[in-house]
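# Descriptive structure summary
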Amino acid sequence: MSRTSKKAAVAARESTRSLGATVKAATANPPRTVPRLLGRLVLGSFLLFAGIGHLTFVREEFRAQVPEWLPIDKDTVVVASGIVEITLGGALLALPGKRVHVGWIVAAFFVVIFPGNISQLVTRTDAFGLNSDAARGLRLIFQPVLVLWALWCTGAWRAWRNRSR
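What counts and how
Residues numbered from 1 in each chain as written. Predicted model: local features only at pLDDT ≥ 70, side-chain atom pairs only at ≥ 80, totals over all residues. Heavy atoms only, no water. Helix = DSSP H or I, 4+ residues; strand = E, 2+ residues; numbered from the N terminus. Buried < 20%, exposed > 50% of the residue type's maximum accessible area, 1.4 Å probe, protein only. Contact = heavy atoms within 4.5 Å. Patch = residues over 30% accessible without salt bridge, like charges linked within 9 Å, V, L, I, M, F, W, Y side chains within 5 Å. Areas by Shrake-Rupley, 256 points an atom, 1.4 Å probe, with all protein chains shown as cover. Salt bridge = Lys/Arg side-chain N within 4 Å of Asp/Glu carboxyl O. Core = buried A, V, L, I, M, F, W, Y, C linked by side-chain atoms within 4.5 Å. Axes fitted to C-alpha atoms, helices over the stretch in contact; angles between N-to-C directions. Parallel < 35°, antiparallel > 145°, perpendicular 65-115°, else oblique. Left-handed = near helix turned anticlockwise from the far one by under 90°. Nonpolar A, V, L, I, M, F, W, Y, C, P; charged D, E, K, R; others polar. pLDDT = per-residue confidence, 0-100. Polar contact = N/O pair within 3.5 Å; in protein donor to acceptor, adjacent residues only side chain to side chain.

Take the overall build of the protein next. Scanning the protein from terminus to terminus reveals eight helices and zero strands. Scanning the protein from its N terminus toward the C terminus, one meets helices and strands in the order α-α-α-α-α-α-α-α. Relative to its 165 residues, the protein shows a buried fraction of 33%. Sequence separation of 24 or more characterises 71% of the internal contacts of the protein that already satisfy a separation of 6 or more.

This is the structure:
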């Protein structure tokens, strides 16, 4: 190996170590503030409540939101998404050391379920007495807010921004 290629290999190794250390530091210890903590606790509680609702008192309303084109039984989708929401909510509440990773997963979950909120417009009233179209419209507006909320309150967005510093 030539002297130049050895130097390049050493520089690449050091750069990789440096990047790995930066990412590890950013994700391991994002800043903790009271507003972020409260935001994480509220979001986690919201997800737990919604997940329990999927399995119990608003199950039918959630079944009505499952797109017809999905080749899976509607009840299976509602139960599975309820279990996922309970798991994510519990992780937000119980795993503060993993909050950055959980934040990215929660944000991705909100993005993945977005199509279910825009398809299958039906006219029924939900558990709160709202027409399903109106309720879905509210969720559509709020969905990007949920993504941003998950990234902000867990420090995931800040960790991503600080990864190369």
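Next, the rest of the story.
Below, the discussion takes up a nonpolar patch on the surface. A cluster of nonpolar side chains, Val-34, Leu-37, Leu-38 and Leu-41, forms an exposed patch at the surface whose accessible area comes to about 340 Å². Looking at the element boundaries, Val-34 is found in helix α2 (residues 34-55). Since its relative accessible area comes to 58%, Val-34 is described here as exposed.

Moving on, we come to the nonpolar core. Counting residues in each nonpolar core, the largest one holds 18 residues, and the members touching the most others are Leu-43, Leu-47, Leu-92, Val-106, Phe-110 and Ala-150. Elements with a contribution of two residues or more to this core: α2, α4 (74-94), α5 (99-112), α7 (132-153) and α8 (156-161). Examining the composition of this core, we find that six residues originate from one element, α5, more than from any other. When neighbours within four sequence positions are excluded, Leu-47 is seen to be in contact with Glu-85, Ile-86, Leu-88, Gly-89, Leu-92, Val-106 and Phe-110.

Our focus in this paragraph is the packing of α2 against α5. The N-to-C vectors of α2 and α5 enclose an angle of 45°; their axes lie 13 Å apart at closest approach. Here α2 lies oblique to α5, going by the angle between them. The hand of the α2/α5 crossing is left-handed. Where α2 abuts α5, its residues Arg-40, Leu-43 and Leu-47 lie against Arg-99, Val-106 and Phe-110. Class assignment of the residues belonging to the contact of α2 with α5 gives a composition of four nonpolar, no polar and two charged.

What follows covers the environment of Val-111. Along the chain, Val-111 falls in helix α5. Along the backbone, Val-111 and Pro-144 are 33 residues apart, and their C-alpha atoms lie at a distance of 8.1 Å.

The subject of this paragraph is the confidence of the model for the protein. Residue-level pLDDT values for the protein average 76, and 66% of them are 70 or greater. Across residues 18-23, confidence stays below pLDDT 50; counting only partners more than four residues off in sequence or on other chains, it has six contacts. When the criterion is pLDDT under 50, residues 120-126 qualifies, and its contacts beyond four places in sequence or with other chains add up to 26 contacts.

To continue, consider the packing of α4 against α5. Relative orientation of the contacting elements α4 and α5 amounts to 150°, with a least axis distance of 10 Å. When the axes of α4 and α5 are compared, the pair comes out roughly antiparallel. Here the hand of the crossing between α4 and α5 comes out left-handed. For the pair α4 and α5, contact is made by Ser-81, Val-84, Glu-85, Leu-88, Ala-91 and Leu-92 and by Val-102, Ile-105, Val-106 and Phe-109, respectively.

A separate point is the side chain of Ser-81. Mapped onto the secondary structure, Ser-81 falls in helix α4. Within the local environment of Ser-81, its side chain forms a polar contact with the side chain of His-54, the two groups lying 3.3 Å apart. One polar contact links the side chain of Ser-81 to the main-chain carbonyl oxygen of Val-78, over a distance of 3.1 Å.

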